[in-house]
Amino acid sequence: MFATGTPLSNSISDTYNMQMYLQYEDLKKRNLNQFDNWVKMFARVEAVCEIDVDTSGFRMVNRFTRFVNLPELSKLFSKVSVFYAMAVVDLPERCEYKNCLIDRSAELTDYMQSLYTRTENIRLGKVAKYKDNMLKVTTDGRKAALDMRLAGGCQPYDEHNKLFVCVKNVAQIYRRYPGCTQLVFCDISTPQNSSFNVYGELRRRIIGEGIPAKEIAFIHSYKNEEQKQELYQRVNEGEVRVLLGSTFKLGIGANVQKKLKAVHHLDVPWRPADMVQREGRIMRRGNSNDEVFIFRYIIKGSFDSYSWQILENKQKFISQFLSGTEYQRSIEDLENVEL
């Protein structure tokens with residue numbers, strides 16, 4: 001038996017994988033156990049215009065844009081699956097999203113230009129793949145959008161800095177709602193013993209805002225399940241007011257919702273399921289707050305634009321499938337359930 005809150009975590013291929021595990025004989029009988037055949041039956045590839053990886057312009061790319069033959073796919077998958085909608089009982093009544101749009105610095109602008117040059121050289125085959133490739137460009141772009149120091153540059157602590165804006169918001173929520181708690185999610189630059197890392201910098205800056213060090217914690221400091229459960233209890237009791245962690249360590253299985261007032265997305269995860277898990281910490285039964293906040297920090301004209309776009313496209317596929325009904329043969333766009 002499979003049980004999950006995110007049946008499709010990243011793309012339409014997850015549906016195929018689920019079916020290969022749970023109903024291989026059904027797929028084989030229909031000659032759909034080969035992925036190419038499955039795609040031709042249930043998906044369409046179209047050329048679409050999207051923001052380029054270096055955000056310097058736009059480009060045409062081939063993407064999965066819609067599902068087709070939904071009744072057949074739904075009926076086939078329903079043989080092995082049952083979906084339950086999340087009950088709204090005891091959940092916060094209002095969730096307010098706050099997009100913190102931040103103008104990029106001059107140094108980040110120059111760095112983005114260097115990514116553009118690297119991208120062009122890679123596409124033209126001027127550089128060996130082991131020396132530079134799109135995965136490295138992607139990683140460097142994500143690091144630079146978080147903090148230029150992660151990309152070997154300088155990052156003044158000012159209004160062009162994500163950490164600056166995040167710390168101000170954390171401090172404001174802390175003072176405005178006594179006793180309430182907050183989560184800060186960041187998957188890049190986790191705590192290390194040496195060198196610069198975002199977690200250490202955030203902690204130092206939050207303390208500088210007058211928040212006691214004993215009320216700030218890293219999930220990474222708690223190694224086993226017993227220690228984590230003790231931490232979760234301290235958060236629920238309001239002893240720890242600000243908890244920092246990654247999606248992998250804090251986004252799954254952490255029941256810290258009792259006094260949770262705000263969640264901060266300092267970076268962008270790759271999978272829609274990761275975002276669902278992150279926000280599932282606060283939109284959770286047992287939260288005593290009727291109104292909660294979710295902050296998303298976005299550097300304009302940085303790799304954040306590309307990352308959020310990728311996440312939106314992936315979520316679109318998942319929403320199309322999970323919203324499919326018997327009378328819908330194909331779905332192209334469902335605005336209400338997209339990120």
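The model shown is predicted, which means the values in this text are computed figures rather than measured ones. (Residues numbered from 1 in each chain as written. Predicted model: local features only at pLDDT ≥ 70, side-chain atom pairs only at ≥ 80, totals over all residues. Heavy atoms only, no water.)

Undergrad: Summarise the pattern of salt bridges; cite the residues concerned and give the values.
TA: In the structure shown here, the tally under the stated rule is 18 salt bridges. Between aspartate 103 and lysine 300 there is a salt bridge, with the nearest N and O atoms lying 2.8 Å from each other. Of the two residues, aspartate 103 is situated in the loop between strand S3 (94-102) and helix H5 (106-123) and lysine 300 in the loop between strand S8 (291-299) and helix H12 (303-322); the sequence distance between them amounts to 197 residues. With relative accessibility at 40%, the residue lysine 300 sits in the partly exposed group. (Salt bridge = Lys/Arg side-chain N within 4 Å of Asp/Glu carboxyl O. Helix = DSSP H or I, 4+ residues; strand = E, 2+ residues; numbered from the N terminus. Buried < 20%, exposed > 50% of the residue type's maximum accessible area, 1.4 Å probe, protein only.)

Undergrad: Hey, could you go over the nonpolar core for me, with residue numbers and the actual values?
TA: In this structure, Val198, Leu202, Leu244 and Leu266 are the most contacted members of the largest nonpolar core, which totals 39 residues. Looking at this core, the elements with two or more residues in it are S3, H5, helix H6 (134-146), helix H7 (162-176), helix H8 (198-208), strand S5 (216-218), strand S6 (242-245) and S8. With seven residues, H7 is the single largest residue contributor to this core. Once residues lying within four places of it in the same chain are set aside, the contact partners of valine 198 are Leu146, Leu150, Leu163, Cys186, Ile188, Ser189 and Leu266. (Core = buried A, V, L, I, M, F, W, Y, C linked by side-chain atoms within 4.5 Å. Contact = heavy atoms within 4.5 Å.)

Undergrad: Now, about the confidence of the model for the protein chain: what can you tell me, with residues and values included?
TA: When pLDDT is averaged along the protein chain, the result is 87, and 89% of the positions lie at 70 or above. Low confidence marks residues 333-339, where pLDDT is under 50. Its contacts with residues over four positions away, or in another chain, come to 16 contacts. (pLDDT = per-residue confidence, 0-100.)

Undergrad: Tell me about the pairing of S6, and name the residues and values.
TA: By the alternation rule, side chains of S6 split into Val242 and Leu244 and Leu243 and Gly245, which are all buried. Both strand S4 (residues 181-185) and S6 contribute to a ladder of four bridges, which runs parallel. Residue pairing for S6: leucine 183 is matched across the bridge by leucine 243. Remark: the S5/helix H9 (residues 225-236)/S6 crossover connection has right-handed handedness. (Pairing = 2+ DSSP bridges. Right-handed = clockwise from strand over helix to strand, strands pointing away.)

Undergrad: For the sheet that holds S8, give the residues involved together with the corresponding values.
TA: Spatially, the six strands line up as an open sheet ordered S3-S8-S7-S4-S6-S5, and their pairing is parallel. Of all the strands in the sheet, just S3 and S5 have a single pairing partner and so form its edges. Strand-to-strand twist in this sheet, taken as the mean axis angle between neighbours without regard to direction, amounts to 15°. Of the strand pairs in this sheet, S4 and strand S7 (residues 260-265) are connected by five bridges, and their pairing is parallel. Residue pairing in the sheet places leucine 183 in a bridge with valine 263 of S7. (Axes fitted to C-alpha atoms, helices over the stretch in contact; angles between N-to-C directions.)

Undergrad: Quick one: what's the story with the side chain of asparagine 33, residue by residue and with numbers?
TA: Here asparagine 33 is to be found in the loop between helix H2 (24-29) and helix H3 (35-42). The class for asparagine 33 is buried, based on a relative accessible area of 13%. Apart from residues no more than four positions distant in its own chain, asparagine 33 is found in contact with Tyr16, Met20, Tyr24, Leu27 and Lys28.

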